[in-house]
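# Structural features, examined
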Amino acid sequence: MPEMDSYVKYTLELLELLGPVQARAMFGGWGFYYDGMVFGLIADGRFYLKTDEQTRPAFEAAGCEQWTYDSGKGKPPTAMPYWTPPPDASDDAHALLPWARRAVETARRAAARKASSKKKAPAAKKAPAKKAAVRKTAR
């Protein structure tokens, strides 16, 4: 497992007020987990927090930047549901806390939707039952 660099360690320190956060290497960056759910990540040297339709407007209004990556082959960049915290929250644990809480709530909603969709998945079709042989009796 790759060793955490100083930025990952610093980000963990900023998130201490949130509670027990873990960082794990993933896809060339770092994922930040709370209760086993990814709520943030570091990609390309920047920290991002998970958003959804409920939280994204607050991030947009605060001037945050969305994480995008180059899709290659002349395609436009792919936008991901992760946004930077506001500039004033980047170096202040108390200012970061409400944004991190939003991201954790987003991760919880995503996990609940995923669990719900698994419950609603259609049951596998059973093979038709074999018909019992019918004996004809002579009259």
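Residues numbered from 1 in each chain as written. Predicted model: local features only at pLDDT ≥ 70, side-chain atom pairs only at ≥ 80, totals over all residues. Heavy atoms only, no water.

Another aspect to go through is the sheet that holds strand E3 (residues 37-43). Read from one edge to the other, the open sheet built from six strands follows the order E1-E2-E3-E4-E6-E5, with strand pairing classed as antiparallel. Edge positions in the sheet fall to strand E1 (21-26) and strand E5 (66-69), since each of these pairs with one other strand and no more. Neighbour-to-neighbour, the strand axes of this sheet turn through a mean angle of 40 degrees, independent of strand direction. Two strands pair when backbone bridges link them, and E1 and strand E2 (residues 29-34) are joined in this way by six bridges, in the antiparallel orientation. The partner of Ala23 across the bridge, within E2, is Phe32. (Pairing = 2+ DSSP bridges. Helix = DSSP H or I, 4+ residues; strand = E, 2+ residues; numbered from the N terminus. Axes fitted to C-alpha atoms, helices over the stretch in contact; angles between N-to-C directions.)

Counted by the stated rule, this structure contains five aromatic pairs. For the ring pair Tyr48 and Trp67, a centre distance of 6.0 Å and an interplane angle of 35 degrees mean the geometry is tilted. In this pair, Tyr48 sits in strand E4 (residues 46-50) while Trp67 sits in strand E5, placing the two residues 19 residues apart along the sequence. For Trp67, a relative accessible area of 15% gives the class buried. Pairwise contacts between aromatic rings join Tyr48, Trp67, Tyr69 and Tyr82 into one cluster. When the ring centre of Tyr33 is taken as origin, the NZ or CZ atom of Arg24, which lies over that ring, is 4.0 Å away. Lying across the ring of Trp99, Arg102 places its NZ or CZ 4.2 Å from the centre. (Phe/Tyr/Trp six-rings, centres within 6.5 Å; stacked < 30°, edge-to-face > 60°. Buried < 20%, exposed > 50% of the residue type's maximum accessible area, 1.4 Å probe, protein only. Lys NZ or Arg CZ within 6 Å of the ring centre and 35° of its normal.)

The next point concerns the pairing of E3. Across the seven residues of E3, six count as buried, placing the element largely inside the fold. Taken together, the five bridges between E2 and E3 define a ladder with antiparallel strand orientation. Counterpart to Trp30 in the pairing with E3 is Ile42. Between the antiparallel neighbours E2 and E3 lie two residues, among them Asp35 with a positive phi of about 55 degrees. Both E3 and E4 contribute to a ladder of four bridges, which runs antiparallel. Of the residues in E4, the one forming a bridge with Leu41 is Tyr48. Taking the residues between adjacent antiparallel strands as the criterion, E3 and E4 are bridged by two residues, where Asp44 takes a positive phi near 55 degrees.

With that settled, consider the side chain of Thr55. With respect to the element layout, Thr55 can be found in the loop between E4 and helix H2 (56-61). Assessed through its relative accessible area of 7%, Thr55 is described here as buried. Reaching out from Thr55, the side chain makes a polar contact with the backbone nitrogen of Asp52 at a distance of 3.0 Å. Each residue touching Thr55, except ones within four places of it in the same chain, is listed here: Lys50, Arg102, Thr106 and Arg109. (Polar contact = N/O pair within 3.5 Å; in protein donor to acceptor, adjacent residues only side chain to side chain. Contact = heavy atoms within 4.5 Å.)

Here the focus is helix H1 (residues 6-14). Among the residues making up H1, those that are buried are Val8, Thr11, Leu12 and Leu14. Projected onto a plane normal to the axis of H1, the buried residues spread over an arc of 160 degrees and lie on a single side. You can read the cap of H1 off the contacts: a side-chain oxygen lies 3.1 Å from the backbone nitrogen of Tyr7, and it is on Asp5. (Arc of directions from axis to C-beta.)

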